[in-house]
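# Results of the structural survey
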Amino acid sequence: IVSKVESVISENHKVLLFSQFTSYLALFRKAFDEMGISYAYLDGSLTSEQRSHEVNRFQKEEGIRVFLISLKAGGVGLNLTAADYVFLADPWWNPAVEAQAIDRTHRIGQTQTVIAYRLIVKGSIEEKIRELQKAKSMMAGDTLGEDRFNQALTLDDFRFLFDSAEAAL
């Protein structure tokens, strides 16, 4: 992820990097510090004044090309139109939360195309969850209110999820 972000910012793009884990964000902070890459940072521990300060730094300072954001703290109430790349470092089980994070860039004043990346480890339970989300979304879109929609999560779906988790142990 770090090398991809470095590549993107070297081309004069601005990046939002979301994670649901502040410990994961700490790893990114350490890597960017070692590389001399300046960034803004937001998690749930910041006061409203600190939050505003970090948002303004990212939006206005040319040298701040990366914004590290806790998914929960940054999912609502932010207008980050300076960014044109969004990285979701780890998937969130609720796709609406991810969509809200990506939507931080799609606001009045956005003049650039925004590219979003969801990073998922192959063979992980997150990959299985993403597959289930896609299947359930398609089913809901096709049959909302119909008989097939009542099959929301079947026993086979649970087996599908937990077989991969058991194999990982």
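Scroll up to find the structure this text is about.
Note that this is a predicted model, so its numbers are computed, not measured. (Residues numbered from 1 in each chain as written. Predicted model: local features only at pLDDT ≥ 70, side-chain atom pairs only at ≥ 80, totals over all residues. Heavy atoms only, no water.)

### Describing the overall build of the protein
- From N to C terminus, the protein includes seven helices and five strands.
- Each helix and strand of the protein, ordered N terminal to C terminal, gives the series α-β-α-β-α-β-α-β-α-β-α-α.
- A total of 169 residues make up the protein; the buried ones form 41% of that total.
- Residue pairs at least 24 apart in sequence account for 71% of intrachain contacts in the protein once pairs closer than 6 positions are excluded.
- When the accessible surface of the protein is split by element, carbon and sulfur atoms take 53% of a total near 9800 Å². (Helix = DSSP H or I, 4+ residues; strand = E, 2+ residues; numbered from the N terminus. Buried < 20%, exposed > 50% of the residue type's maximum accessible area, 1.4 Å probe, protein only. Contact = heavy atoms within 4.5 Å. Areas by Shrake-Rupley, 256 points an atom, 1.4 Å probe, with all protein chains shown as cover.)

### Here's the deal with the sheet that holds strand β1 (residues 15–19)
- Ordered in space as β2-β3-β1-β4-β5, the five strands form an open sheet in which the pairing is parallel. This sheet does not close on itself; its edge strands, each paired only once, are β2 (39–42) and β5 (115–118). Geometrically, the sheet is characterised by an average inter-axis angle of 15° between neighbouring strands, direction not taken into account.
- Summarising the sheet, β1 and strand β3 (residues 66–70) pair through five bridges and their orientation is parallel. Note on β3: the bridge partner recorded for valine 15 is valine 66. (Pairing = 2+ DSSP bridges. Axes fitted to C-alpha atoms, helices over the stretch in contact; angles between N-to-C directions.)

### Focus on the packing of aromatic side chains
- Scanning all chains against the criterion turns up six aromatic pairs.
- With centroids separated by 4.8 Å and ring planes inclined at 40°, the aromatic side chains of tyrosine 24 and phenylalanine 28 adopt a geometry described as tilted. In this pair, tyrosine 24 and phenylalanine 28 both sit in helix α2 (residues 22–35), four residues apart, roughly one turn of the helix.
- Put simply, the rings of Tyr24, Phe28, Phe32 and Tyr39 pair up and form one aromatic cluster.
- If you follow lysine 14 out to its NZ or CZ, it ends over the ring of phenylalanine 58, 4.7 Å from the centre.
- Just above the ring of tyrosine 41 sits the side chain of arginine 29; from NZ or CZ to the centre is 3.9 Å. (Phe/Tyr/Trp six-rings, centres within 6.5 Å; stacked < 30°, edge-to-face > 60°. Lys NZ or Arg CZ within 6 Å of the ring centre and 35° of its normal.)

### Focus: the packing of helix α1 (residues 2–10) against α2
- Taken N-terminus to C-terminus, the directions of α1 and α2 make an angle of 50°; their axes are 11 Å apart at the nearest point. Looking at the two axes, α1 sits oblique to α2. The element α1 and its partner α2 pack so that their crossing is right-handed. For the pair α1 and α2, contact is made by Val2, Val5 and Glu6 and by Phe28, Ala31, Phe32 and Met35, respectively.
- When grouped by side-chain class, the residues that make up the contact of α1 with α2 number six nonpolar, no polar and one charged. (Parallel < 35°, antiparallel > 145°, perpendicular 65-115°, else oblique. Left-handed = near helix turned anticlockwise from the far one by under 90°. Nonpolar A, V, L, I, M, F, W, Y, C, P; charged D, E, K, R; others polar.)

### Focus on the pattern of salt bridges
- Under the counting rule described, the total for this entry stands at five salt bridges.
- Where arginine 130 meets glutamate 98, a salt bridge forms, and the shortest distance between an N and an O atom there is 2.6 Å. Of the two residues, arginine 130 is situated in helix α6 (residues 125–143) and glutamate 98 in helix α5 (residues 95–102); the sequence distance between them amounts to 32 residues. Glutamate 98 carries the same exposure label as arginine 130, and that label is buried.
- One connected set of salt bridges, linked through shared partners, spans Glu98, Arg118 and Arg130. (Salt bridge = Lys/Arg side-chain N within 4 Å of Asp/Glu carboxyl O.)

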